[in-house]
Amino acid sequence: MNQHVLPPIRPEYDRALAPYVEAPVARALPFATRLWQQGWLRKGLILAALALGWEAAAAWQYNDLLLPGFRATLSALAEGLISGELLERMRISLQVLAQGYLIGVLLAFGLTTLAVSTQTGRDLLSTLTAMFNPLPAIALLPLALLWFGLGAASLIFVLVHSVLWPVALNTYAGFQGVPETLRMAGRNYGLRGLPYVWQILIPAALPAILSGLKIGWAFAWRTLIAAELVFGAASGKGGLGWYIFQNRNELYTDRVFAGLLLVIAIGLVVENLIFATLERLTVRRWGMVR
Amino acid sequence: MTLVAAREALAVNRAADAPPGSAARTGRSAAPPVAMGQTAPLLQIAGVSLEYRTPERVVRATHRIDLDIYAADRFVLLGPSGCGKSTLLKAVAGFHEPVEGEIRLDGGVVRGPGPDRIVVFQEFDQLPPWKTVLQNVAFPLRAAGLAGRREAEARARHFIDKVGLSRFADSYPHQLSGGMKQRVAIARALATQPKVLLMDEPFAALDALTRRKMQEELLSLWEEVRFTLLFVTHSIEEALVVGSRVALLSPHPGRVRGEVNCHDFTLGDIGSRAFQAAVQRLHGRLFEASPEPETPSAPR
């Protein structure tokens, strides 16, 4: 039977260890491995592969009207940038975007502050987001045109609509996720009301708020370009969407692609430079996200 | 041992299970605490009943608790889980409103949380992760408007030095170990110079070696600063080592079974026979099957 088996009693030992000299304790990784750890390199390779595939497909199609190649698009883009037309279009788009985004974010913060402090505010926020969040912003555009006429005001209206709900929803979820101990610590310091929201809730919910801002930004950018495509320009001044629409009508397909490329590029820059920097300086540094 | 020499005379009361309110209490106020020399208790918990609400029912956490805590006391609430000791501590902090009775601090009735009663929680996430150690310790001073920027920083540095974390003043909480985070929380509490320091099982989430070290450090800080401490624990050994007086709470609902003096035990006494006997005695009183008729002290 098992219970009668006893482990052998072995002699103890104690040995003096000589310093370890056989090999260095820490070794550098091989150069290729270190290179492959660079995110920009990996992503750059993916982009290069996509551009190559695009160029190959265009060469196979051989119809500049339907699918201009990567190089043709780049030259149209360079042309547009040098002539200043694309820059002007970009400026108009970004200006409208900034206004709409800012108003939307401010409204979202107002709404969520109300929601964390009162029951009515909570009910209001959950009802409104449930109603309006699934509603596409573009669907409001005809109404906006009726109310605000052709012009920036209508665009700003739909932008606010597209930013407000996702940002409010994320911010509120972030506030609710703040640990109870941290809340008690804040109240223990005698904080209440707005200082409490500002000094405890907002920093503690920053990961969720940042992701809400990112989603809001993507929604806003998307909505803006789409809205410009639908109703175009006011008083001869249109943004990037209008540029794309106009050039499609005139069958300058390479410029259409150049406009789309710029839309993508701006999206990438905002995501990878602005938001990534913001995250690195805040939530990553504080160890709140990895 | 030496630090409580003034109270040595009271050691007699510790052995005998003196009912609270009579010999022990009068004897205690006769031997004045070192810092103040006042006779009125600093913190009075008078007939406090606490209830909390679940979706289905209202649960009574503590029933008519009477406790007096004097300046520079290291007062421990000891009891099994469910005796409402943490709830009572949070009520003192102002997070719960008593349904009857009142809590008086320095004569004034406690209403709502405030920086004169800083809490050290068990959880490590009590430190805002977006502030460095230095900013964390200075934060309550700034938030409560107790000190200007420069004074807050100077005071914070002083107490960070006291808990031995000067090298980590500019680190963020996520870069610290659990024990270091609790040290920051203690430094933060002391820097605010509260009337009462409240600790809710502050070392329960630490490993045994770190816990022992933290208890040691807490005691030497007390020797130096002589703060008033209200300490919650479920460990009998910790209660006897950290406390100068221990209140025993019985569960469901929490009521005071008795108070015990233990100011003459230090960390060095843990192995001693007297210490083990005290542990055994408290263990017996906490885990008796049914309360004996003469012991409950809380009026029904």
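What counts and how
- Chains are numbered independently. Their residues run from 1 in the order of the written sequence.
- Following the order in which they are written, the chains are lettered starting with A and the ligands numbered starting with 1.
- Where totals are concerned, whole chains, interfaces and linings use all residues; where local detail is concerned, this predicted model gives features only for residues with pLDDT of at least 70, and gives and counts side-chain atom pairs only at 80 or more.
- Note on definitions: a nonpolar core is a set of buried residues drawn from Ala, Val, Leu, Ile, Met, Phe, Trp, Tyr and Cys, linked by C-beta atoms within 7 Å.
- Residues with at least 20 other C-beta atoms within 10 Å of their own are called buried, those with 12 or fewer are called exposed, and the rest are partly exposed. The C-beta atoms themselves are positioned from the backbone.
- The way it works is that DSSP assigns letters per residue, a run of H or I at least four long becomes a helix, a run of E at least two long becomes a strand, and they are numbered from the N terminus.
- Where a domain begins and ends is set by an automatic assignment or by a domain database.
- Contact between residues is assigned whenever the C-beta positions, reconstructed from backbone atoms, fall within 7 Å.
- UniProt positions are given in the numbering used here, feature names are shortened, and annotations may be inferred rather than shown by experiment.
- A residue's pLDDT is simply how confident the predictor is in it, with values from 0 to 100.
- When residues are grouped by polarity, Ala, Val, Leu, Ile, Met, Phe, Trp, Tyr, Cys and Pro land in nonpolar, Asp, Glu, Lys and Arg in charged, and all others, Gly among them, in polar.
- One requirement defines pairing of two strands: DSSP has to find at least two bridges between them.
- Fitting a line to C-alpha atoms yields each axis, with helices limited to the stretch in contact; the angle taken between N-to-C directions then spans 0 to 180 degrees.
- Under this scheme an angle from 65 to 115 degrees is roughly perpendicular, one under 35 degrees roughly parallel, and one over 145 degrees roughly antiparallel; angles in between are oblique.
- Note: crossing handedness is left-handed where the near helix turns anticlockwise from the far helix by less than a right angle, and right-handed where it turns clockwise.

With 143 residues, the main nonpolar core has L159 of chain A together with V92, V137, A187, L198 and A247 of chain B as its most contacted residues. Looking at this core element by element, the count peaks at 14 residues for helix α7 (residues 152–176) of chain A. Residue contributions to this core reach at least three from each of two domains, namely domain 1 (2–116 + 195–287) and domain 2 (124–193) of chain B. Those residues in contact with V92 of chain B that sit more than four places away from it in its chain are L43, I103, V110, R117, L198 and L230 of chain B.

Moving on, we get to the UniProt feature "domain: ABC transporter" (unreviewed entry) in chain B. Here the UniProt feature "domain: ABC transporter" (unreviewed entry) sits at residues 43–276 of chain B. Overall, residues 43–276 of chain B shows 33% helix and 27% strand. The separation of its end C-alpha atoms is 30 Å.

Residue and element names in this part refer to chain B. With 83% of its residues at a pLDDT of 70 or more, chain B shows a mean pLDDT of 77. Throughout residues 1–37 the model reports pLDDT below 50, and contacts reaching past four residues in sequence, or to other chains, amount to 47 contacts. This stretch, residues 292–300, has a pLDDT under 50; its non-local contacts, to residues over four places away or in other chains, come to 17 contacts. Note on the complex model: pTM 0.75, ipTM 0.74.

Now for the interface of chain B and chain A. Contacts between chain B and chain A engage 20 residues on the former and 17 residues on the latter. Those elements that place two or more of their residues in the side of chain B that touches chain A are β6 (117–120) and α4 (133–143) of chain B. A per-element tally of the side of chain B that touches chain A places α4 of chain B first, with 3 residues. Of the residues that constitute the side of chain B that touches chain A, the class distribution is 15 nonpolar, 3 polar and 2 charged.

Relative to strand β2 (residues 58–69) of chain B, strand β1 (residues 43–53) of chain B is paired through 8 bridges, and the arrangement is antiparallel. Looking across to β2 of chain B, one finds that E51 of chain B is bridged to R60 of chain B.

This next bit is on the domain arrangement of chain B. All names here are of chain B. Here chain B is described as being made up of domain 1 (2–116 + 195–287) and domain 2 (124–193). Contacts between domain 1 and domain 2 engage 12 residues on the former and 12 residues on the latter. Tallied by class, residues from the side of domain 1 that touches domain 2 come to 10 nonpolar, 1 polar and 1 charged.

All names here are of chain B. With mixed pairing, 6 strands are arranged side by side in an open sheet as β6-β7-β8-β3-β9-β10. Every interior strand has two partners, whereas the edge strands, β6 and β10 (255–261), have only one. The sheet shows a mean angle of 20° between the axes of neighbouring strands, taken without regard to direction. Across 5 bridges, the pairing between strand β3 (residues 74–78) and strand β8 (residues 229–233) is parallel. Paired with L77 across the bridge in β8 is V232.

Residue and element names in this part refer to chain A. Those residues of helix α11 (residues 240–249) lying buried are L240, G241, W242, Y243 and I244. Check the buried side of α11 and you find it contacts α4 (85–117), α10 (206–231) and α12 (253–284). Two residues or fewer past α11, L251 is found with a positive phi of approximately 60°.

In this section: the UniProt feature "transmembrane region" (unreviewed entry) in chain A. All names here are of chain A. The sites that carry the UniProt feature "transmembrane region" (unreviewed entry) are, in the present numbering, residues 96–116, 137–160, 196–217, 224–245 and 257–278. Helix makes up 71% of residues 137–160 and strand 0%, and the two end C-alpha atoms of the span are 9 Å apart. Helix makes up 100% of residues 257–278 and strand makes up 0%, while its end C-alpha atoms are separated by 31 Å.

Here the focus is the packing of α7 of chain A against α10 of chain A. Residues and elements named next belong to chain A. In contact at an axis separation of 8 Å, α7 and α10 are set at 160° when each is read in the N-to-C sense. Between α7 and α10, the angle is such that the two are roughly antiparallel. Seen from above, α7 lies across α10 with right-handed handedness. Considered class by class, the residues forming the contact of α7 with α10 number 16 nonpolar, 8 polar and no charged.

Our focus in this paragraph is the sheet that holds strand β4 (residues 100–105) of chain B. Sheet strands line up and pair through hydrogen bonds in the backbone, either parallel or antiparallel. Residue and element names in this part refer to chain B. Taking strand neighbours across the sheet as the criterion, the 4 strands line up as β2-β1-β4-β5 in an open arrangement whose pairing is antiparallel. Looking at the sheet topology across the chains shown, the edges are occupied by β2 and β5 (108–109). Helix α3 (residues 85–93) contacts β1, β2 and β4 of the sheet and is inclined by roughly 115° relative to β1.

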